[in-house]
Amino acid sequence: MRLKDLLTVLESIAPFDTAEPWDNTGLMVGHTLREVRSVLVALDPSTEVIQEAEKLGADLIITHHPLIFTPLKRLDLQESIPRRVARLIQASMALVSMHTNLDAAQGGVADELADRLCLKEVQRLKVLRIGKVEQPCDLRAWVARLPFETVRIVDGGRPVENVCACPGSGMDYLGEAIGRGCDTLVTGDVRYHAGLDAKEAGVNVVDLGHFATEEIIIAPLAKRLGSLLPGVTVRAYGAKDVFMQIKGENH
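Residues numbered from 1 in each chain as written. Predicted model: local features only at pLDDT ≥ 70, side-chain atom pairs only at ≥ 80, totals over all residues. Heavy atoms only, no water.

Participant: Honestly, the overall build of the protein in this entry has me stumped. Any pointers?
Facilitator: Per the secondary structure count, the protein includes ten helices and eleven strands. What you see for the protein is a C-alpha radius of gyration of 19 Å, in line with the 18 Å of a compact globule of 251 residues. C-alpha atoms of the protein, sized along the principal axes, occupy 55 × 40 × 40 Å. Among the 251 residues that make up the protein, the fraction classed as buried is 48%. When contacts within the protein are restricted to residue pairs at least 6 apart in sequence, long-range pairs at least 24 apart make up 64% of them. When the accessible surface of the protein is split by element, carbon and sulfur atoms take 51% of a total near 13300 Å². Of the side chains in the protein, 28 bear a positive and 34 a negative charge, and the two mean positions are spaced by 3 Å. (Helix = DSSP H or I, 4+ residues; strand = E, 2+ residues; numbered from the N terminus. Rg over C-alpha atoms; globule rule 2.2 N^0.38 Å. Buried < 20%, exposed > 50% of the residue type's maximum accessible area, 1.4 Å probe, protein only. Contact = heavy atoms within 4.5 Å. Areas by Shrake-Rupley, 256 points an atom, 1.4 Å probe, with all protein chains shown as cover. Lys, Arg positive; Asp, Glu negative; His and termini not counted. Charge placed at Lys NZ, Arg CZ, Asp CG, Glu CD.)

Right under this line is the structure:
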């Protein structure tokens, strides 16, 4: 399959023009006429991912996070991004990113997060998913049942009933969550003052971390692409969070 045809399949999953205006999605490195027989799907276009793709003989890496966010003014190979671009070119490997377009798409990151939270009656609002829990319950009791290893909470003093979920960094949507009558906001990358604002507003915050709210899409996306790309081998890269929790570990 040529890359241009594969891009058409990706477009059908998450149209690139639905990405946020500040975002950069689509083809990062490569040629649309090249043949693609092997694909590696990953969260980040990191050096480790590129190394793994080289070992596997992959022709294409599909990542959630873009390698290039803003225009490069120079290709200084001592710098991280140009160095990775050069490595991809040297390996004759293409890179495509599906970022906020995949967040918002049906079956994308936000939907996957809502599924993991077991939300009911889910409303789709771009990158937000708003839904109800099965029955109102205490914040700590609800969080204890979530399938996530690392969780921080801000206790707004209310039971969990109406939940707003946003993958990645979603605290900018606190006002939207309040306006929609949500008592709980689930996201990642929560900063102190944003958490304090939520507490003052009586809104619970569940911080699962940026990585955990987005890595969940990698295996499902790889499986979906495997069924849509005949003759193409699709693998998922199992990454680990760049942050390591060491407090409380047994030594």
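Participant: Help me out: how do you make sense of a nonpolar patch on the surface in this one?
Facilitator: A cluster of nonpolar side chains, Leu-72, Leu-75 and Leu-77, forms an exposed patch at the surface whose accessible area comes to about 290 Å². Among the secondary structure elements, Leu-75 is positioned in the loop between β3 (60–63) and α3 (80–90). (Patch = residues over 30% accessible without salt bridge, like charges linked within 9 Å, V, L, I, M, F, W, Y side chains within 5 Å. Salt bridge = Lys/Arg side-chain N within 4 Å of Asp/Glu carboxyl O.)

Participant: Quick question: what am I supposed to make of the packing of aromatic side chains here?
Facilitator: For any pair of aromatic rings, geometry is given as the distance between the ring centres together with the angle between the planes. Using the criterion set out here, one finds one aromatic pair in the structure. Seen in terms of ring centroids, Trp-22 and Phe-69 are 6.5 Å apart; in terms of plane orientation they differ by 35°. Their pairing is tilted. Of the two residues, Trp-22 is situated in the loop between α1 (3–13) and β1 (26–29) and Phe-69 in the loop between β3 and α3; the sequence distance between them amounts to 47 residues. (Phe/Tyr/Trp six-rings, centres within 6.5 Å; stacked < 30°, edge-to-face > 60°.)

Participant: Please explain helix α10 (residues 218–228) as it appears in this structure.
Facilitator: Residue pairs spaced three or four apart in an α-helix point in one direction, given the helix's 3.6 residues per turn. Every buried residue of α10 is listed here: Ile-218, Leu-221, Ala-222 and Leu-225. Across the axial projection of α10, the buried residues extend over an arc of 100°, all falling on one side. Summarising the geometry of α10, the exposed residues directed more than 90 degrees from the buried face are Lys-223 and Ser-227. Tucked into the core, α10 has its buried residues touching α1, β2 (38–42), β3, α4 (100–104), α9 (210–215) and β11 (233–236). (Arc of directions from axis to C-beta.)

Participant: Would you explain α3 in this entry?
Facilitator: Listing the buried residues of α3 in full gives Pro-82, Arg-84, Val-85, Ala-86 and Leu-88. Summarising the contacts, the buried residues of α3 are in contact with β1, α2 (47–56), β3 and β4 (94–97). Downstream of α3 by one or two residues, Ser-92 has phi in the positive range, about 55°.

Participant: Could you clarify how one ought to interpret the environment of Ser-92 in this entry?
Facilitator: In this structure, Ser-92 sits in the loop between α3 and β4. C-alpha separation for the pair Ser-92 and Cys-166, spaced 74 residues apart in sequence, amounts to 35 Å.

Participant: Help me understand the sheet that holds strand β8 (residues 160–169) in this model?
Facilitator: As a general point, the strands of a sheet are linked pairwise by backbone hydrogen bonds and lie either parallel or antiparallel. Strands sit in the order β5-β6-β8-β9-β10-β7 across an open sheet of six strands; the sheet is mixed. The open sheet is flanked by β5 (120–125) and β7 (152–154), the only strands paired with a single partner. Shown here is a sheet whose adjacent strand axes are inclined to one another by a mean of 20°, direction ignored. Note: β8 against strand β9 (residues 184–188), four bridges, orientation parallel. Paired with Val-163 across the bridge in β9 is Thr-184. The sheet contacts of helix α5 (residues 109–116) involve β5, β6 (128–137) and β8, and relative to β8 the element is tilted by about 140°. (Pairing = 2+ DSSP bridges. Axes fitted to C-alpha atoms, helices over the stretch in contact; angles between N-to-C directions.)

Participant: It is not clear to me how the packing of α1 against α10 should be interpreted in this structure. Could you clarify?
Facilitator: Each pair of packed helices can be summarised by the angle the axes make with each other and by the distance between the axes. The geometry of α1 relative to α10 is characterised by a closest axis approach of 11 Å and an angle of 125° between their N-to-C directions. With respect to α10, the element α1 is oriented oblique. Along this stretch, α1 crosses α10, giving a crossing that reads as right-handed. For the pair α1 and α10, contact is made by Val-9, Leu-10 and Ile-13 and by Arg-224, Leu-225 and Leu-228, respectively. A class-by-class count of the residues in the contact of α1 with α10 yields five nonpolar, no polar and one charged. (Parallel < 35°, antiparallel > 145°, perpendicular 65-115°, else oblique. Left-handed = near helix turned anticlockwise from the far one by under 90°. Nonpolar A, V, L, I, M, F, W, Y, C, P; charged D, E, K, R; others polar.)

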